[in-house]
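Next come the chains, spelled out residue by residue.
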Amino acid sequence: MSVVIRLARAGTKKRPVYHVVVADSRFPRDGRFIERLGHFNPLLPKDNESRLKLDMDKVKAWLAKGAQPSDRVTRFLDAAGVKKRAPRNNPEKAVPRKERKAQAEAAAKA
């Protein structure tokens, strides 16, 4: 059984609020969960302290048990200093497509 820490959507249409939950990876996104760890409101300004509330003791306990956080939850935990997020490296994405084609052709000729 793979346990994940992820966001479950709540709120109304066009007004999302997310619950940070621990769930089996096979369960639906907004479905059954094991425990609720906090909430996230993306509509609030980034400097607002009530934008994200997490029970860090519970989060650390679940991480110690082997729960895998989702990408977005990993960003939250990295900002809180609980879990380090590995930087992503895709240098090809920053280069415009025409330049990539020209580089590939030049490399093929050489």
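Residues numbered from 1 in each chain as written. Predicted model: local features only at pLDDT ≥ 70, side-chain atom pairs only at ≥ 80, totals over all residues. Heavy atoms only, no water.

(A) Highlighting unusual backbone geometry. Of note in this structure, K14 is not a glycine but carries a positive phi near 70 degrees. With respect to the secondary-structure elements, K14 resides in the loop between β1 (3-12) and β2 (15-24). Exposure remark for K14: the relative accessible area of 70% places this residue in the exposed category. (Helix = DSSP H or I, 4+ residues; strand = E, 2+ residues; numbered from the N terminus. Buried < 20%, exposed > 50% of the residue type's maximum accessible area, 1.4 Å probe, protein only.)

(B) Representation of the sheet that holds strand β5 (residues 68-69) within the structure. With mixed pairing, five strands are arranged side by side in an open sheet as β4-β3-β2-β1-β5. Since the sheet does not close on itself, it has two edges, and those belong to β4 (52-54) and β5, each with one partner. As defined by bridge partners, β2 adjoins strand β3 (residues 35-40) across five bridges and the pair is classed as antiparallel. Its bridge partner lying in β3, V20 is registered against G38. Docked against the sheet, helix α1 (residues 56-65) engages β1, β2, β3, β4 and β5, running at close to 125 degrees with respect to β3. Each of β1, β2, β3, β4 and β5 touches helix α2 (residues 71-80); the most contacted strand, β1, lies at about 100 degrees to it. (Pairing = 2+ DSSP bridges. Contact = heavy atoms within 4.5 Å. Axes fitted to C-alpha atoms, helices over the stretch in contact; angles between N-to-C directions.)

(C) A look at the pattern of salt bridges. Within the structure shown, the criterion is met by three salt bridges. Here R29 makes a salt bridge to D30, at a shortest N to O gap of 2.8 Å. Residue R29 is classed as partly exposed on the basis of its relative accessible area, which comes to 47%. Residue E35 is joined to K58 by a salt bridge in which the shortest nitrogen-to-oxygen separation is 3.4 Å. In this pair, E35 is assigned in strand β3 and K58 in helix α1, connecting sequence segments 23 residues apart. (Salt bridge = Lys/Arg side-chain N within 4 Å of Asp/Glu carboxyl O.)

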